[in-house]
Amino acid sequence: MKTKITELFGIEHPIIQGGMHHVGFAELAAAVSNAGGLGTITGLTQGTPEKLANEIARCKEMTDKPFAVNLTFLPSLTPPDYPGLIKEIIDAGVPVVETAGRNPAEYLPALKEAGIKVIHKCTSVRHSIKAQSIGCDAVSVDGFECGGHPGEDDIPNFILLPRAAEELEIPFVASGGMADGRSLVAAMALGAEGMNMGTRFIATQDAPVHQNVKEAIVNATELDTRLIMRSLTNTERVLNNEAVERLMEKEKRLGDDLKFEDILDEVAGVYPKIMHEGTMEAGAWSCGMVAGLVNDIPTVQDLINNIMSQADEIIKSRLRNF
Ligand SMILES: Cc1cc2nc3c(=O)[nH]c(=O)nc-3n(C[C@H](O)[C@H](O)[C@H](O)COP(=O)(O)O)c2cc1C
């Protein structure tokens, strides 16, 4: 399938794996790229520029296809060494960077000068327009359904994608709630040039996370995610568990007085325990409503092949027959 996104990134299928904290290592990124999509290494998870350089080198050993690095710009008291991370990305010749969080304008000139394509992930039309105006090559439009940070506007993709199509000139992919060939065809009908998936890619044999995490996604339904940290204007969609219930109890009790420090036990440093040790009650972890559509743990290659053949079947048979 050729779209503006496959052309822009030099990939075979319009399917991107979004950056995911403690999930986006070389194994997953390479598997997605080898299957014809665009895999993504999560920059901040690696910790230091040297470790990121090492992860990029490992990924290059596993694939000769294009892959991306995600740079998430979060408010932080001790900010990560973004210039150092960007230097390693440029020196290694990584062709695509997925930015997310804060406006990436400050770092864009260095990336563009190096010929890197930048896709910015955002949760609103106004932020998408801003990304276009500062020179991003594409956007990943992340609807309210998404796992992780859906922003504070609460606009689902059935509205957000056609609104983005009305306003944008640069290509965009649909992100949030995407799982299969049906998602891809629907996203394209609404104006997207492809799709970005997070949660679906975790439940694959290639995702370098504990089996318990994959099974938790398979066992979850679309009713099992919760929104936390709303009062901190840092909303996150997570899979419900004991820690999330404890956190929500504190939110209810403290109301507007809630501070980040009050929920440190439930959110700080919990990803390694969950993703690598499989201690599922250790804290809150991002997960999309799309878990309700995830019922198996295929290889990434099979997942992507199935998505493309299902999309083909829908376009050529189902839609044509109406
Ligand atoms: C476990 C997990 C961790 C994530 N971590 C990040 C991250 O560090 N940076 C980022 O930009 N997005 C992150 N995301 C968001 C994904 O890249 C993607 O935008 C989102 O999962 C799409 O929604 P979906 O889960 O419905 O497919 C994360 C998502 C999940 C599920």
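Refer to the structure presented above.
This is a predicted model, so every value here is computed, not measured.

Reading guide: rules and limits
- Residues numbered from 1 in each chain as written.
- Predicted model: local features only at pLDDT ≥ 70, side-chain atom pairs only at ≥ 80, totals over all residues.
- Heavy atoms only, no water.
- Helix = DSSP H or I, 4+ residues; strand = E, 2+ residues; numbered from the N terminus.
- Contact = heavy atoms within 4.5 Å.
- Axes fitted to C-alpha atoms, helices over the stretch in contact; angles between N-to-C directions.
- Parallel < 35°, antiparallel > 145°, perpendicular 65-115°, else oblique.
- Left-handed = near helix turned anticlockwise from the far one by under 90°.
- Pairing = 2+ DSSP bridges.
- Buried < 20%, exposed > 50% of the residue type's maximum accessible area, 1.4 Å probe, protein only.

Caption draft 1: Structural context of the side chain of histidine 13. Relative to the assigned elements, histidine 13 resides in the loop between α1 (4–9) and β1 (15–17). When sequence neighbours within four positions are dropped, the list of residues in contact with histidine 13 reads Thr6, Ala35, Gly36, Gly37, Ile304 and Met308.

Caption draft 2: Structural context of the packing of helix α4 (residues 49–62) against helix α5 (residues 82–91). Two elements in contact, α4 and α5, have axes separated by 8 Å at closest approach and are oriented at 25 degrees. Classified by the angle their axes make, α4 and α5 are roughly parallel. The chirality of how α4 crosses α5 is right-handed. Side by side, α4 and α5 meet where Pro49, Leu52, Ala53 and Ile56 of the first sit next to Gly84, Leu85, Glu88 and Ile89 of the second.

Caption draft 3: Looking closely at the sheet that holds β1. Within the open sheet, the eight strands sit side by side as β1-β8-β7-β6-β5-β4-β3-β2. Their pairing is parallel. In the strand order of this sheet, the two ends are held by β1 and β2 (39–42), each with one partner. Averaged over neighbouring strand pairs, the angle between their axes works out to 30 degrees when direction is ignored.

Caption draft 4: Structural detail: unusual backbone geometry. Of note, the phi angle at histidine 22 is positive, near 60 degrees, even though the residue is not glycine. Looking at the element boundaries, histidine 22 is found in the loop between β1 and α2 (26–34). Positioned with a positive phi, threonine 233 is a non-glycine residue whose angle comes to about 50 degrees. Looking at the secondary structure, you find threonine 233 in the loop between β9 (225–228) and β10 (236–239). Here threonine 233 falls in the exposed class, since its relative accessible area comes to 58%.

So far we have only geometry, and geometry alone does not tell us how the molecule works.
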